[in-house]
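Survey of secondary and tertiary structure
Given next are the chains, with one letter for each unit.
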Protein chains: 4
Amino acid sequence: MIVAMQAEATENQINHICDRIREFGYTPHVIRGTERTVIAAIGPGDKKEHIENLKSADGVEDAFPILQPFKLVSKEVKKQRSVIQVGDVTIGDGGFVVMAGPCSVEGHEQLMSTAEAVAASGARILRGGAYKPRTSPYDFQGLAEEGLKLLAEARNRTGLKVITEVLDTEDVEVVAEYADILQIGARNMQNFALLKKLGEINKPVMLKRGLSATIKEFLLSAEYIVTHGNPNVMLCERGIRTFETATRNTLDIAAVPLLNELTHLPVVVDPSHATGKRSLVRPLAKASIAVGADGLMTEVHPRPEEAWSDGPQSLRFEEFAALMNEIEPYITLRKSESN
Amino acid sequence: MIVAMQAEATENQINHICDRIREFGYTPHVIRGTERTVIAAIGPGDKKEHIENLKSADGVEDAFPILQPFKLVSKEVKKQRSVIQVGDVTIGDGGFVVMAGPCSVEGHEQLMSTAEAVAASGARILRGGAYKPRTSPYDFQGLAEEGLKLLAEARNRTGLKVITEVLDTEDVEVVAEYADILQIGARNMQNFALLKKLGEINKPVMLKRGLSATIKEFLLSAEYIVTHGNPNVMLCERGIRTFETATRNTLDIAAVPLLNELTHLPVVVDPSHATGKRSLVRPLAKASIAVGADGLMTEVHPRPEEAWSDGPQSLRFEEFAALMNEIEPYITLRKSESN
Amino acid sequence: MIVAMQAEATENQINHICDRIREFGYTPHVIRGTERTVIAAIGPGDKKEHIENLKSADGVEDAFPILQPFKLVSKEVKKQRSVIQVGDVTIGDGGFVVMAGPCSVEGHEQLMSTAEAVAASGARILRGGAYKPRTSPYDFQGLAEEGLKLLAEARNRTGLKVITEVLDTEDVEVVAEYADILQIGARNMQNFALLKKLGEINKPVMLKRGLSATIKEFLLSAEYIVTHGNPNVMLCERGIRTFETATRNTLDIAAVPLLNELTHLPVVVDPSHATGKRSLVRPLAKASIAVGADGLMTEVHPRPEEAWSDGPQSLRFEEFAALMNEIEPYITLRKSESN
Amino acid sequence: MIVAMQAEATENQINHICDRIREFGYTPHVIRGTERTVIAAIGPGDKKEHIENLKSADGVEDAFPILQPFKLVSKEVKKQRSVIQVGDVTIGDGGFVVMAGPCSVEGHEQLMSTAEAVAASGARILRGGAYKPRTSPYDFQGLAEEGLKLLAEARNRTGLKVITEVLDTEDVEVVAEYADILQIGARNMQNFALLKKLGEINKPVMLKRGLSATIKEFLLSAEYIVTHGNPNVMLCERGIRTFETATRNTLDIAAVPLLNELTHLPVVVDPSHATGKRSLVRPLAKASIAVGADGLMTEVHPRPEEAWSDGPQSLRFEEFAALMNEIEPYITLRKSESN
């Protein structure tokens, strides 16, 4: 790490910082400039605690790390891309996997018809919320275990794998019993108790980026799951919160190729939540393929105007079928590029 | 709620929307403009589900609520300000309560010396984290129940009340056993399972605003706790995430008087987390009094440069004593205003 | 427009608002709900001034427009997409035009070699800054007219059209003399004097989105140019400022299809400024085609590590040639879709 | 500056960077860590151009400055706080100066009555816009020189000094003829041509912070004015753009004490534009004093509900008088602190 001393820092202060750096197990290198003295500390990891300690000392202007704080999810540690196997569905091998289904599981007919429709159009994974994180306590909170059972039934009928969100540590066990992939929603990206718990199960996890999470924080949350024992993590870019209100969130599409530079984990894009607008899902799905995403998550509902949640961004069956047709040549084109 | 039809909406579409509005239990009023038809729907609450349904229908450009989504925490529902009693400490009665202590409980000497120092300077409530939400899995995660015990011991010694954070539903019981006020951290502001659980306990809760939470979402999260049975909620403005990096977050000071217009719940300001800089805590503490906050939360540590977390924003004992001296005349001035 | 009265608004206040609405030339429609009275005002345009006046009156909680504030640039006013002709180069006809060149014009050899390289690779328009908006007064401010002359020479040599930025009303004349397209940079998107001046010239203008401009503000700035007489405006999405620092800005890719819904003006994407990272330009260029952009603007430099500005995001000649090769099949695929 | 090499950087790449650093006139210090090599470059100023050049080179992961980019406005260069004299009004000497008046100059009666009212209540400076930056071309654009003449007449009548905005380089001369202080609005904070021009006049300038400007960019824009010859610059914090929509902008109150640490220039707060809500102006005015601002700018109008702009945030005469009464004891308290 690097410690920049204040212009007026004294020799005693500089010596004190060097002593602290040695105490922490690093080697200090003092570099005296015309306006500032800078101290580089070389050693085993740039621990946040050490950086904060140095920053708190008299005479220090700033202290910052050189090394990235994430390790196990980093491409520097593991060069080879992680491939996640969910039964016969493979995510991260260069293909493009589509996850589709309703925002909320609402009932038998709704889910079964949707599952059959999305499977017929070529989706491989069924999404559907049984436990719903809702901004207002007055909104529908999900069917809970009854919803999970419906998802399992839909899997049996269609052969689709099932992804569903888990909201709380207490529900991890029951969700893991029914789901093939457990999803951590954007609002829980830094629910560290939940991250640790999902590190202890042996099913894949899809971690959604928090509304105001930096790429670094996103990867550190993934690091929680991996350090606790579960390497089968995929990331989902679903839009970040910005000043713009014309769309629900702002899809950070550049995050996809950037994550591909930084981590070996697969990356999925969710244009439905990113924009909140049905008409934008199709072009963004194609863009996701173009930038190298490993998959797409999108909301589909038999009758969006009767949906219990997220209707405005849900595709009708025929719209989803059209999307699948449209993205096909983009998938083909991308495959041809990598050959 | 208001439904704005697209310019090219047909009569059939307009009629269909009116039918849906009636189905939902509202009365539609069609207003035909030169460029747009607008439909006002009058009835019992502007439910998000209904708004989304209408927004999903053909011919609709936009649909939005007129009524605020929060009820029980709203000043329209309860005009009188809520006063929270924590033993002999009163929050929300026009006074200004100071909560101070270390970011993390690190050990016996650290906590007891801090508790004694802040009590001597006039703080009424001791803060200290036993369960720590940390961005990185490699950072100190807190002493857990051992930390809670130390907090309880400090309370016995000093007479200070204790506030501490709870991270997970599974820990609510044990934290409630030791703490006088349970804190929900910024990263958990929309951990709805946790909000519900804290609605079921009979101890006061301090809810911190999420990093990217709007005022509306902040109040809806408070509404979760209140609708689940616990009316003793106070709010804490602790800075929001913006593009500015010169401070850790951006303290939204205007949120304090705005919340005072919208809700009857007490509002506390945390300038330590808002800025991440020790030197800014003092002026912002005075500003908090000037804008009408009910209290202050700030970090104090015997030796910030050895703190296990948040050293750069922690005050030393003498700095905290100076702060308490400095804010005194502001408190007195504010009291004189309300007379 | 819609006026929502406060819960406690009196009859007198409601009547007063209706009077004001009539004075402004609208017809008021009073709708009485259980909790709020809402007044819809029907008439010629939802003028901001009127909305603010009503919002300032006693008893009013909020007032907001239903109609979009932009007119001439709107698809409602002109359904047919605008096509901009720059000599033999056509922008907005469904094709994909590439604008490339150095951030700053630095000298003869730099510009001529770059112009020849980008022309050889298939770019149609040469970019290059002669007047440079620089955050610091100590940074290179551009070669001014000397730079314009070099751009003109490069045009003569290569047949490329020239786009360059104008910073100030006083420079409009000289820039218009040399350039084929005048660019308004992000920092000047709301320099209204400049917008008006560019409304009076008869050359095409490319308007870049401001760092924190909403889509609505972006279109209103374009409206300035069009209302002042110049219909040849194209828009450029170049990233917005958010909390994320891993990229220089956040490319709002969803803005492209959204703008295509709202306006008939062509839309260009600039992934160089959006990300600040050379390695991200290529995937984002492909994504731009996939979402329906009309063109790409990107920085190219013979030796990025000697560039006087924006080196880290500038492509080398061979990298630009590779990009052009890679996007070719995406352009072909998109053309096949529209048939 | 500091250059962090990539983990896999070669010896040749490291040597090449050292050569470049020497070419730029700095001395390189190579520090070899276990995971990364870091090169510190010591020398005359951390020029952005050099940093970008190094960042563009092969084998480099990142390069960043240690020194602040602003010089003349920095407290390191000039420890003594700048005091700006506008006739008999002093800004920056520890007092608190109030600037008040209408958003726009609308006519004779409006301006004269407002000037007399605010003077009677204790304001020292009259604000009023003659050239108005308006988001929409359909909004009132200001009375231009006629407005300036009215401002001058109001000055003669009341003895108030006059501050008014200049939008364009071409108007600088005429505005400087009438105004005592020239204001650069938020949207022009990075209109560098305008900044340079205002560096050449001999009247004080108030520079408003841009909607999405960092503190560093804000100070660099001030540096433009000072380096071009005009040291009489004051800064105005007027809210930044964030995701929050409950207020028009987010007042970054912490920026005031932070600027006081970084620069010797006076700092003024504008709570009217920061919030857009009349009811929030009063508490924020008091907070501005508490955090150490040198002055306040606020909007006052005889009849806000007839104002041609910014009515909802404008104070009525009696409200402004009440504000002045309320802030008086805060000013007194602050003065007593500094003794």
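Residues numbered from 1 in each chain as written. Chains lettered and ligands numbered in written order. Predicted model: local features only at pLDDT ≥ 70, side-chain atom pairs only at ≥ 80, totals over all residues.

Of the regular secondary structure elements, chain A holds eleven helices and 14 strands. Here the C-alpha coordinates of chain A stretch approximately 75 × 45 × 40 Å along the principal axes. Going through the 339 residues of chain A one by one, you find that 62% of them count as buried. Long-range contacts, defined here as pairs at least 24 residues apart, represent 65% of the contacts in chain A between residues at least 6 apart. (Helix = DSSP H or I, 4+ residues; strand = E, 2+ residues; numbered from the N terminus. Buried ≥ 20, exposed ≤ 12 C-beta atoms within 10 Å, placed from the backbone. Contact = placed C-beta atoms within 7 Å.)

We now examine the relation of the copies chain B and chain A. Each of the two copies of the chain can be brought onto the other by a rotation about an axis and a shift along it. Of the transformation superimposing chain B on chain A, the axial component is 0.0 Å and the angular component is 180°, with the fit at an RMSD of 0.0 Å. The relationship between the two copies is best expressed as a two-fold rotation axis. By C-alpha distance to the rotation axis, the residue of chain B lying nearest is Ser212 of chain B, at 3.0 Å. A share of 100% of the interface residues of chain B reappears at the interface of chain A, consistent with the copies meeting face to face through the same patch. (Least-squares fit on C-alpha atoms with pLDDT ≥ 70 in both.)

For the rest of this paragraph, the subject is the sheet that holds strand 10 (residues 181–184) of chain B. Residue and element names in this part refer to chain B. If you walk around this closed barrel you meet the eight strands as 7-8-9-10-11-12-13-14, and the pairing is parallel. Here the average twist between neighbouring strands, direction ignored, is 25°. With two bridges connecting them, strand 7 (residues 97–101) and strand 8 (residues 125–127) associate as parallel partners. The residue of strand 8 that forms the bridge with Met99 is Ile125. (Pairing = 2+ DSSP bridges. Axes fitted to C-alpha atoms, helices over the stretch in contact; angles between N-to-C directions.)

Attention now moves to the relation of the copies chain B and chain D. Its rotation angle being 180°, the transformation that places chain B on chain D also includes 0.0 Å of axial translation and leaves an RMSD of 0.0 Å. Counting the interface residues of chain B, we find that 100% of their copies in chain D are interface residues as well, pointing to one common contact surface.

On to unusual backbone geometry, then. Residues and elements named next belong to chain B. The backbone of Ala144 shows a phi angle near 55°, a positive value even though the residue is not glycine. Along the chain, Ala144 turns up in the loop between strand 8 and helix 4 (145–158). Residue class for Ala144 comes out partly exposed when judged on the 16 C-beta atoms lying within 10 Å of it. Phi at Asp310 is positive, roughly 60°, even though this residue is not glycine. Along the polypeptide, Asp310 turns up in the loop between strand 14 (295–299) and helix 11 (317–337).

Attention shifts here to the environment of Pro231 of chain B. Residue and element names in this part refer to chain B. Among the secondary structure elements, Pro231 is positioned in the loop between helix 7 (215–227) and strand 12 (233–237). A C-alpha to C-alpha distance of 44 Å links Pro231 and Gln13, two positions 218 residues apart in sequence. Setting aside residues no more than four positions away along its own chain, Pro231 makes contact with Ser82 and Val226.

This part is about the environment of Lys71 of chain D. Note that Lys71 of chain D resides in the loop between strand 4 (60–64) and strand 5 (84–86). Excluding residues within four positions of it along the chain, Lys71 of chain D makes contact with Val77 and Glu223 of chain D.

With that settled, the discussion passes to the interface of chain B and chain D. Contacts between the two partners involve 33 residues from chain B and, on the opposite side, 33 residues from chain D. Broken down by secondary-structure element, the contributors of at least two residues to the side of chain B that touches chain D are helix 7, helix 8 (255–262), helix 9 (271–275), helix 10 (278–291) and helix 11 of chain B. Here the element with the most residues in the side of chain B that touches chain D is helix 10 of chain B; it accounts for eight residues. Residue composition of the side of chain B that touches chain D, by class: 19 nonpolar, nine polar and five charged. (Nonpolar A, V, L, I, M, F, W, Y, C, P; charged D, E, K, R; others polar.)

It is common to give the size of an interface as the accessible area lost on bringing the parts into contact. With 42 residues of chain B in contact, the opposing surface of chain A contributes 42 residues. Mapped onto the side of chain B that touches chain A, the elements with two or more residues apiece are helix 2 (48–55), helix 6 (192–199) and helix 7 of chain B. Looking at the side of chain B that touches chain A residue by residue, the classes come out as 15 nonpolar, twelve polar and 15 charged.

Attention now goes to the sheet that holds strand 4 (residues 60–64) of chain A. All names here are of chain A. On the basis of which strands lie adjacent, the open sheet formed by four strands has the order 2-3-1-4 and antiparallel pairing. The open sheet is flanked by strand 2 (27–32) and strand 4, the only strands paired with a single partner. On average, each strand axis in the sheet is tilted by 20° relative to the strand beside it, whichever way the strands run. Of the strand pairs in this sheet, strand 1 (residues 2–5) and strand 3 (residues 37–42) are connected by three bridges, and their pairing is antiparallel. Counted as the bridge partner of Ile2 is Ala40 from strand 3.

For an α-helix the count is 3.6 residues per turn, leaving residues at separations of three or four pointing the same way. Where burial is concerned, most of helix 8 (residues 255–262) of chain C is hidden: seven out of the eight residues are buried. Contacts from the buried residues of helix 8 of chain C go to helix 10 (278–290) of chain A together with helix 7 (215–227), strand 12 (233–237), strand 13 (267–269) and helix 10 (278–290) of chain C.

As assigned here, chain A comprises domain 1 (2–64) and domain 2 (84–338). The straight-line distance from the C-alpha centre of domain 1 of chain A to that of domain 2 of chain A is 44 Å. (Domains from an automatic or database assignment.)

Let's shift gears to the pairing of strand 2 (residues 27–32) of chain B. In the sheet, strand 2 of chain B pairs with strand 3 (residues 37–42) of chain B via six bridges, with the strands oriented antiparallel. Bridge pairing in strand 3 of chain B places Pro28 of chain B opposite Ala41 of chain B.

Once that is clear, we can look at the nonpolar core. The tendency in soluble globular proteins is for nonpolar side chains to be buried as a group. Grouped together as the largest cluster of nonpolar side chains are 358 residues, with contacts concentrated most on Ile253 of chain A, Ile253 of chain B, Ile253 of chain C together with Ile253 of chain D. For Ile253 of chain B, the contacting residues outside a window of four places in its chain are Ala287 and Val291 of chain B together with Leu251, Ile253, Leu284 and Ala287 of chain D. If you look at the next biggest cluster of nonpolar residues, it comprises 38 residues, including Ala9 and Tyr26 of chain B together with Ile17 and Ala41 of chain C. (Core = buried A, V, L, I, M, F, W, Y, C linked by C-beta atoms within 7 Å.)

When two helices pack together, their arrangement is given by the angle between the helix axes and the distance between those axes. Residues and elements named next belong to chain D. In the contact formed by helix 10 (residues 278–290) and helix 11 (residues 317–338), the axes pass within 9 Å of each other and the chain directions differ by 15°. Of the possible angle classes, the one that applies to helix 10 and helix 11 is roughly parallel. Here helix 10 runs over helix 11; the crossing is right-handed. Two secondary-structure elements touch here, helix 10 through Val281, Arg282, Ala285, Lys286, Ile289 and Ala290 and helix 11 through Leu323, Glu326, Ile327, Tyr330, Ile331 and Arg334. Of the residues assigned to the contact of helix 10 with helix 11, the class counts are eight nonpolar, no polar and four charged. (Parallel < 35°, antiparallel > 145°, perpendicular 65-115°, else oblique. Left-handed = near helix turned anticlockwise from the far one by under 90°.)

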